[in-house]
Amino acid sequence: MAIDYETLRDDAKVKAYINAGNNNLRALGYTDHSFAHVCKSAETASFILAQLGYPKKSVELAKIAGLLHDIGNMINRTFHALTGAEIARDILESKGMAYKDIALVCSAIGNHDEDTGSPVNEICAALIVADKSDVRRSRVQEQDMDKILLDIHDRVNYAVEKSEIDVVQTNAKPVIKLKLDIDSSITSVMDYFEIFLSRMLMCRRAAHYLGSEFELVINNLKMM
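First, a word on scope: everything that follows refers to the structure included in this document. (Residues numbered from 1 in each chain as written. Predicted model: local features only at pLDDT ≥ 70, side-chain atom pairs only at ≥ 80, totals over all residues. Heavy atoms only, no water.)

1. What to know about the side chain of aspartate 131
Part 1: With respect to the helices and strands, aspartate 131 occurs in helix α7 (residues 122-132).
Part 2: Here histidine 69 takes part through its side chain, which lies 3.2 Å from a polar atom of the side chain of aspartate 131.
Part 3: Each residue touching aspartate 131, except ones within four places of it in the same chain, is listed here: His37, Ser41, His69 and His112. (Helix = DSSP H or I, 4+ residues; strand = E, 2+ residues; numbered from the N terminus. Polar contact = N/O pair within 3.5 Å; in protein donor to acceptor, adjacent residues only side chain to side chain. Contact = heavy atoms within 4.5 Å.)

See below:
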């Protein structure tokens, strides 16, 4: 593998494209999709595979997929997973990555969106869980609290005071556990499920692909 995560993270083209994508989404009222989000997704995806015992190469490819997974927002939010896979392919080919590794990364990026994707390989499955589990107050880009409270996506993210993902080894299957502390004075748990249910179900499918279970715990209560 001729290119690694750290080098790509500092690449001028990658930086420009990810920043442009987040600027587009900020203008449309979306939560943060900047380097903070993609790097967190990268680190979480690689952590999941490492904890499950996958090879170092798979762990590194998961990092790269996490870094590049939202790069398609530079063009348009609609079908951003598909356009992002094409942009990533071009970047990774120019860096000399092996074609079989590019195929894994681009398949993961192209299938990470809950509307059109499915876990098709281990890189994709880890990316799905990492991306969909990134809910936190610091993802809210709106500054006006009145507007935050009116928008359900901003409100739910703002209400999350702590977010933690872990891989718990059990006598049966490993459990990928997402633990959230939500301020219920800001939003209800039902609000969370209204916008995130399809994403959590996708996380469950991704965990199953990895031979694991997915568990969601909100305010110390197991939800799924």
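Having seen it, we continue.
2. Describing helix α3 (residues 35-51)
Part 1: Look at α3: 24 Å from first C-alpha to last across 17 residues, which is about the 24 Å you get at 1.5 Å a residue.
Part 2: Phe35, His37, Val38, Cys39, Ser41, Ala42, Thr44, Ala45, Ser46, Ile48 and Leu49 are the residues of α3 that are buried.
Part 3: Buried residues along α3 sit against α1 (5-9), α2 (12-28), α4 (56-68), α7, β1 (160-168) and β2 (175-182).
Part 4: Positive backbone phi, at 85°, marks glycine 53, one or two positions downstream of α3. (Expected span 1.5 Å × (residues − 1). Buried < 20%, exposed > 50% of the residue type's maximum accessible area, 1.4 Å probe, protein only.)

3. Some words on the nonpolar core
Part 1: Within the largest apolar cluster, 66 residues are counted, with the highest numbers of intra-cluster contacts made by Leu67, Leu68, Ile176, Tyr192, Phe214 and Leu216.
Part 2: For this core, the element with the highest residue contribution is helix α10 (residues 189-209), accounting for nine residues.
Part 3: In this view, leucine 67 contacts Tyr5, Leu8, Arg9, Val14, Ile18, Phe35, Val38, Cys39 and Ala42; residues no more than four positions away in its chain are not counted. (Core = buried A, V, L, I, M, F, W, Y, C linked by side-chain atoms within 4.5 Å.)

So far we have only geometry, and geometry alone does not tell us how the molecule works.
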